[in-house]
Each structure stands twice: as structure tokens, then as C-alpha cells.
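# Coordinate analysis (summary)
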Amino acid sequence: MMKTMPPIATSYWDIFCSVVDNYGDIGVTWRLARQLANEYQLPVRLWIDDLASFQRLCSQLDTTLSEQTIDNVLIGHWNPNFPANVHPGQVVIEAFACELPLSLRHSMQQMERPPVWLNLEYLTAESWIDGCHGLPSRQDQLTKFFFFPGFSVKSGGLLCENTLFATRQQWQQQSEQRQQFCRHRHLLPPQPNELFISLFSYENAALPALLKRWQSHPTPVRCLIPAGRTLNSLSSLLPADVCQAGGCWQQGALTVEVLPMTDQTAYDQLLWSCDFNIVRGEDSFLRAQWAARPFLWHIYPQEDEAHLEKLQAFIERYTQNMAPELATAVQQLFLSFNQAHPAELIQSWSALQAYWSEWQQQAQQWPQTALAGGNLASQLVHFVEKQLECCA
Ligand code: TRH
């Protein structure tokens, strides 16, 4: 009788991503995949179950193809008929506890040297992750490691490309940058002293009040809104024809412009070009921090208000080096927005005006503090190298 040979791992780093909702799952894994491929020259395969959502962030993607390479990443459509002849790579990363295809798991179990298997967790600033980062768990004769991104020294660090800060600095130092930015995007030219704000949030009942407050701001305010869920909360304020990409509306000091969704590079440029960014979820939340400007985080709401603990944990870290008045005002801004309390939101916005330049300075320093745990991609590479050495 012929003996069946155990499957042999390919050299790939396989990343599996199931899009639960919105763009964060794909946003994070796409970024990680490109960084591993381009900065560490690793052969990366990214398996995605929802190519239509992915295409919103990556217009080159052809949703009809089961396999394609973009930016040195091999992208595979992960559909229910995952091919049984696909052998796992030397590293398998399941993002955000997505379930691996059964056939792949089966191959992993049969291997003499199974891949390094990791679950990439959601980002949180909570300190309990320090005790859990890197822990193994035995599952059907296999070992899975839990990799926790985070802000502490003991965490897995944060996604941040090697050249990001230098590129951002260069962008922000150009004196004509805002004019060019508006021209390229076919936006109205910027006015002197105009406060630029980007607004990418979930639905929030306090938003109309905030926009009304900006109408009476002492200097002009430009609010740039990527088309999407934010607009669902502004139907009482904005005429219907404004609530689509290309829409423009002016009232008092406020000009609203609605933007089409772009790729991640152009979204970064939007964040770098604004004085204040309202962001959400996981990836835009981090990118706003890397923009080194004041920002406001609309956290992904969870049942039983579990997200408020996560929010509090971040606020504590973020405000730890701020003067008490600024820290209190920032805390109130974050909490009132996330609890959708219009009156408190307006009050905290007004209170912050006195500390704006102090906040700007803090926002410049914050990225270095946030990166106490280092760069996630390099941490991941070291972690895997260690596991491979152990098993060699
Ligand atoms: O879209 P999000 O709300 O995503 C997520 C998911 O909902 C996920 O299930 C949840 O668990 C997580 O949040 C916490 O927010 P996020 O994470 O900011 O993802 C948005 C992505 O879209 C991010 O990579 C930036 C990108 N983007 C663009 O590339 N172009 C754009 O024009 C805009 C507005 C965003």
C-alpha cells in the first residue's frame, strides 16, 4: 500500500480575513500584508472573503478573480469552497479570531512541522493584554498563539510602516500642501485660517449639534466627510443631494464637502491635511494618531457598553502626559461624543479651544509614546523567527 506523505508547508505567510462589517478587518490585514511583503520581503498570501468591501479601499482589485497580485501581495478569494489542495504556508495568521477553512486546518494537523499559527487580536489599550500577548493555546494537536497589538511595552505593538513618519512630516511641511490637496480633490480652495476637519464616524445623534456649533466658529471651518455612515446622522441638517460624494453645503462659518472613499494612502493624506480628525473603529483610529494632530475617536459600539471600558483605557494612556485641564477637556470630548450627549459635546469642544495649541504639541509627541511596544510587523516577524528556531 502507498504511504500518504504529510503535506509540506509552503514558504507563504497566509493571512486569513473575514470581513465582519465595515472596513476595519480588511483595512488592518491589507496594511499588515503589504508591510510584511514590502518591508520584510516575505511571500504573503491574503485570503479575503469579501472582495467587494476590499475594493472600496483598493480600486485596482478585480472582484471577479479568485487570485491576483497587488503590491507584492498574493490575494486569494476565500469562498466557502476553499480549495483542498491549498497547503498552508510556514505561518498562518487568522485575523480577529476568524475560523480557518476546515481543509486547511486538517492539513495543518497532518504536518510533521505545522505552521506557526497565530490569532491577531483587535487593538485595545487595556492593560490585561500584557499578560496574554504571545500566549499559546493547544487546539487539536496544534498550538495557536495569541498576538495582541497594543500601546504597552509588553504588547505586540502597533501597525506603523518604517517610512510613515518621515513621509507624513514631509507632507505636513509643504507650505502649499493644503492648496494642492484641495485642487487635486476638486474641493473649494482653502480660506485663510480655515480649520480643516475630517469626519469618518458611525451614526451619532450628537453630530448635528456639533456641526451647528461649527457654523458659528470664529474662523471658517471645512468639514470633509467621506461618504458613508456619518451622513445617516446628518439628514436633519444637510439636504439630500449633499449627502453623496461631491456634495457641498455652506452655512455660516461652516463648509461641508462630501468625499468619495479613496485608498488608504489617500486617506492618510486627508488625515495629514486636516487640523482635527474624527475617526472610528481600529485602523482610522490609529492612522489619526500617526497624523500627529488632535483627533476624536468614535469607538466601535459593543453590546452592554463594553466599548466604554476600552475607550476609558485609551483615554487614560492618551492623556497621561497632558496638563490636567487639557486632559479633562479631551476626556470629556471623547466621552460626550461616544455617549452622544450634544450639550456636553459642545461644552467640551468650546472648553478645548483654550488649550488647542497645547493639544497640537501633545499630538506631535504622542506617536513616540504610543509606540512603546514597537512596530507590530517587526514584532510579528521576530515572534515567528523565535518559534521557527524553537522547532528547528
Ligand atoms: O470601518 P471601520 O468601522 O471598521 C471596523 C470594523 O467594523 C470591525 O468589524 C470592527 O471590529 C473594527 O472597526 C473595530 O473602521 P476602521 O477600523 O477605521 O476601518 C476603516 C478603514 O477604511 C481604514 O483602513 C481606513 C480605510 N479608509 C480608506 O482607505 N479610505 C477612505 O476614504 C476611508 C474613509 C477609510
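Cut-offs used in this document
- Residues numbered from 1 in each chain as written.
- Predicted model: local features only at pLDDT ≥ 70, side-chain atom pairs only at ≥ 80, totals over all residues.
- Heavy atoms only, no water.
- 1 Å grid on protein atoms, 1.4 Å probe; cavity = no way out; pocket = protein on both sides within 12 Å on 5 of 7 lines; lining within 4 Å.
- Points joined across faces, edges and corners; volume = space filled by probe spheres on them.
- Helix = DSSP H or I, 4+ residues; strand = E, 2+ residues; numbered from the N terminus.
- Nonpolar A, V, L, I, M, F, W, Y, C, P; charged D, E, K, R; others polar.
- Pairing = 2+ DSSP bridges.
- Axes fitted to C-alpha atoms, helices over the stretch in contact; angles between N-to-C directions.
- Contact = heavy atoms within 4.5 Å.
- Buried < 20%, exposed > 50% of the residue type's maximum accessible area, 1.4 Å probe, protein only.
- Arc of directions from axis to C-beta.
- Near = heavy atom within 4 Å.
- Polar contact = N/O pair within 3.5 Å; in protein donor to acceptor, adjacent residues only side chain to side chain.
- Areas by Shrake-Rupley, 256 points an atom, 1.4 Å probe, with all protein chains shown as cover.
- Sits in = over half its atoms within 2 Å of the grid points.

## Looking at the layout of surface pockets
The volume enclosed by the largest pocket comes to roughly 680 Å³. As for the largest pocket, its lining consists of 37 residues, and the residues nearest its centre are Gly-24, Tyr-202, Gly-281, Glu-282 and Asp-283. Looking at the lining of the largest pocket, the elements with two or more residues in it are helix 1 (24-39), helix 7 (264-273) and helix 8 (283-290). Top contributing element to the lining of the largest pocket by residue count: helix 1, with five residues. Partitioned by chemical class, the residues of the lining of the largest pocket number 19 nonpolar, eight polar and 10 charged. Estimates place the volume of the second largest pocket at around 320 Å³. As for the second largest pocket, its lining consists of 16 residues, and the residues nearest its centre are Arg-34, Glu-161, Thr-265, Asp-268 and Arg-287. For the lining of the second largest pocket, the elements supplying multiple residues, two or more each, are helix 1, helix 4 (164-173) and helix 7.

## With respect to the sheet that holds strand 11 (residues 248-251)
Hydrogen bonds between backbone atoms are what pair the strands of a sheet, whose relative direction is either parallel or antiparallel. As summarised here, the arrangement of the six strands in space is 11-12-10-9-13-14, forming an open sheet in which the pairing is mixed. Across the chains shown, the open sheet's two edge strands, defined by having one partner strand only, are strand 11 and strand 14 (295-298). The sheet shows a mean angle of 15° between the axes of neighbouring strands, direction not considered. Bridge count for strand 11 against strand 12 (residues 254-259) is four bridges, and the pairing is antiparallel.

## Considering the sheet that holds strand 4 (residues 73-77)
The eight strands lie next to each other as 3-4-2-1-5-6-8-7, forming an open sheet whose pairing is mixed. Both outer strands of the open sheet, strand 3 (67-70) and strand 7 (136-139), are each paired with one neighbouring strand and no more. Shown here is a sheet whose adjacent strand axes are inclined to one another by a mean of 25°, direction ignored. The sheet strands contacting helix 3 (residues 102-110) are strand 1 (10-17), strand 5 (89-95), strand 6 (116-120), strand 7 and strand 8 (142-147), and the helix crosses strand 8 at an angle near 115°.

## Focus on helix 6 (residues 207-215)
Within helix 6, the full set of buried residues consists of Leu-207, Pro-208, Leu-210, Leu-211 and Trp-214. Angularly, the buried residues of helix 6 cover 160° about the axis, an arc narrow enough to put them on a single face. Taken together, the buried residues of helix 6 touch strand 9 (195-199), strand 10 (221-226), strand 12, strand 13 (276-280), helix 10 (324-338) and helix 11 (342-352).

## Section: the site of the ligand
Taken together, the neighbourhood of the ligand is formed by 22 residues, with Asp-21, Tyr-202, Thr-262, Asp-283 and Ser-284 sitting nearest. Within the side chain of Asp-21, an N or O atom sits 2.6 Å from an oxygen atom of the ligand. Computed on the free molecule, the ligand has an accessible area of 710 Å², of which 96% lies beneath the protein chains in the complex. Structurally, the ligand is housed in the largest pocket. Among the secondary structure elements, those contributing two or more residues to the shell around the ligand are helix 1, helix 7 and helix 8. Looking at which element gives the most residues to the shell around the ligand, the answer is helix 1, with three residues. Per-class residue counts for the shell around the ligand are nine nonpolar, seven polar and six charged.

Just distances and angles here, no functional claims.
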